Amino acid sequence: MLFLKEMKKIVLSIPYLLFVIAITIGLYSQDVFHFGDDRMQEPQPGESYGFKQAEIPEQIMPAALADFLGEFCANRFTTYPIGFVKSVKLGEKERAKAAEILSEITGKDAKELLRQSAEGSPNSENNLSMEIGAGQMQPDGEGGFVISPEGARSSDNLPEDAPKIRADIDYSRYKVLMQQLDDLLGGGSKYAAESLIGYGQVPLTYEEAKQRYETAVGADQITGGYARLFCDYASVIAFSVLPVFLAVILSMKDRHARMESLIYTKAVSAARLIFVRYFALIFAAMLPALFLSYLSNIPVWSAYSGMQLDYLAPLKYDLGWLLPSVMISTAIGMVLTELTGAPVAIGVQGLWWMFDVNLGIQTVDAGYRLTRLSPRHNVGPSNYFRTQDYLDHFSNLVQNRLLIAGLSLLLVALTVFLYEAKRKGRFGGSLSLKKAVSRLGNRKNQPAA
């Protein structure tokens with residue numbers, strides 16, 4: 001009965017209607033309701049199957065050096081420190097350090113490199129300001145960087161008088177130097193040791209493409225890949241942050257309606273009331289997730305008619321991937337609202353969500369980091385969903401989701417403690433944290449007897 005009352009209070013409210021509308025518009029903008037239009041094709045002999053990243057020093061070293069030279073001469077380095085693009089201009093001291101790194105890589109004198117880059121002109125013989133920047137370098141969405149094959153640079157593309165890599169420098173030392181450059185730039189650059197692989201690409205063979213396709217058909221049963229892609233979008237766009245609004249608004253609504261004094265005197269236990277409300281909020285938030293995930297997956301069924309499909313894939317991924325994100329967002333909304341009496345949880349969860357989404361670009365394995373709020377695996381049918389990569393990281397994903405879910409329940413238990421304390425008159429009952437702190441400050445200022 002109590003659960004139904006809480007559900008009615010949530011789903012018949014205007015905030016919940018806005019919640020559903022926001023989710024639907026956000027997912028529609030990512031074209032998730034037209035998954036059936038983008039079909040995975042079985043590779044055929046003689047076709048082009050795309051590229052894969054490979055750590056090939058002979059390809060990586062000259063290509064990265066070419067970009068380093070271009071950005072060094074312009075003194076404008078492109079980085080992604082928190083996911084957003086940032087143009088870094090080095091000061092005199094930092095630029096001298098960059099020149100020393102470049103000097104060790106090329107064997108050229110650091111002072112001479114600085115002089116040539118500063119004094120060079122388009123017509124000068126020793127000009128270093130060649131057009132060899134990182135125009136084709138982009139973040140790959142998984143923590144690294146990729147460079148398109150047609151935009152790849154190498155020593156063959158450089159002018160004859162441009163500095164080349166020393167013959168006696170090995171790849172391990174080269175990576176150390178490039179990491180020093182990344183540190184000098186403040187991190188998030190394509191020169192970080194783990195991001196250099198973005199410069200190495202080789203074409204997929206027919207056998208490799210065929211294996212990826214068969215893995216997607218067998219392990220994912222096709223629909224699993226689309227369900228995973230839906231959860232990737234849904235978690236980042238909505239379900240890692242929007243549930244906090246429902247939790248805060250519901251709590252604040254009771255407070256503004258002066259329901260506290262009535263609620264605190266009810267016979268129902270604090271644990272029952274809080275957990276019922278918590279699960280009602282989660283159930284209400286997951287309803288549109290379940291509906292929309294199937295709405296996006298159903299067109300796939302007709303597109304792959306006659307093949308073995310997993311019709312429960314959307315449900316499995318919703319519960320395993322999205323549910324923990326909804327749990328933590330809701331739990332933070334409840335505990336901080338109960339603690340402070342103010343909607344500070346929206347700001348807290350919003351900041352965590354923003355930094356989680358954007359910091360993931362810094363490391364290759366960030367998509368499945370243990371503390372990740374929104375796991376990422378944004379790969380579609382054109383890349384056969386990279387199902388094997390997902391399977392290789394599955395244990396990391398499980399650990400992440402269990403940790404987030406466990407932390408959520410601990411926060412709800414803390415909410416019960418705070419609620420029960422207020423019911424018993426501690427913390428001033430309905431006093432907000434601000435009032436309690438103010439009272440404590442006044443007490444400290446009283447003169448000693």
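Residues numbered from 1 in each chain as written. Predicted model: local features only at pLDDT ≥ 70, side-chain atom pairs only at ≥ 80, totals over all residues. Heavy atoms only, no water.

(A) Layout of the pattern of salt bridges. Applying the stated criterion across every chain, the model contains 16 salt bridges. Close ionic contact of Lys 422 with Glu 338 constitutes a salt bridge, the shortest N to O distance being 3.8 Å. In this pair, Lys 422 sits in helix 15 (residues 394–423) while Glu 338 sits in helix 12 (residues 313–340), placing the two residues 84 residues apart along the sequence. Of the two residues, Lys 422 and Glu 338, both sit in the buried class. Between Asp 356 and Arg 372 there is a salt bridge, with its nearest N and O atoms 3.1 Å apart. Placement of Asp 356 in helix 13 (residues 344–359) and of Arg 372 in the loop between helix 13 and helix 14 (387–392) is noted, with a sequence separation of 16 residues between them. Note on accessibility: Asp 356 and Arg 372 belong to one class, buried. What you see here is one network of salt bridges that share partners, running through Glu 6, Lys 9 and Arg 277. (Salt bridge = Lys/Arg side-chain N within 4 Å of Asp/Glu carboxyl O. Helix = DSSP H or I, 4+ residues; strand = E, 2+ residues; numbered from the N terminus. Buried < 20%, exposed > 50% of the residue type's maximum accessible area, 1.4 Å probe, protein only.)

(B) Structural detail: the confidence of the model for the protein chain. Of the residues in the protein chain, 80% reach a pLDDT of 70 or more, and the chain-wide mean stands at 84. The low-confidence segment residues 129–156 (pLDDT under 50) makes 77 contacts with residues lying over four places distant or belonging to another chain. (pLDDT = per-residue confidence, 0-100. Contact = heavy atoms within 4.5 Å.)

(C) Quick peek at helix 2 (residues 14–29). Here helix 2 contains 16 residues, and its C-alpha end-to-end distance of 23 Å stays within 8% of the 22 Å for a straight helix at 1.5 Å per residue. Taken together, the buried positions of helix 2 are Tyr 16, Phe 19, Ile 23, Gly 26 and Leu 27. End-on view of helix 2: buried residues confined to an arc of 95°, all on one side of the axis. More than 90 degrees from the buried face of helix 2, the exposed residues found are Ile 14, Leu 18, Ile 25, Tyr 28 and Ser 29. Trailing helix 2 by a residue or two, Asp 31 shows a phi angle of about 65°, which is positive. (Expected span 1.5 Å × (residues − 1). Arc of directions from axis to C-beta.)

(D) Structural detail: the environment of Pro 288. By the element assignment, Pro 288 lies in helix 11 (residues 270–303). According to the relative accessible area criterion, Pro 288 is buried, its value standing at 7%. Between the C-alpha atom of Pro 288 and that of Ile 21, which follows or precedes it by 267 residues, the distance is 9.7 Å. Residues contacting Pro 288, with those up to four places away along its chain left out, are Tyr 16, Phe 19, Val 20 and Ile 23.

(E) Region of the structure containing unusual backbone geometry. Despite not being glycine, Asp 31 has its phi angle at roughly 65°, a positive value. Its identity as a non-glycine residue notwithstanding, Phe 385 has a phi of 60°, on the positive side. Mapping Phe 385 onto the fold places it in the loop between helix 13 and helix 14. Residue classification places Phe 385 among the buried residues on the basis of a relative accessible area of 0%.

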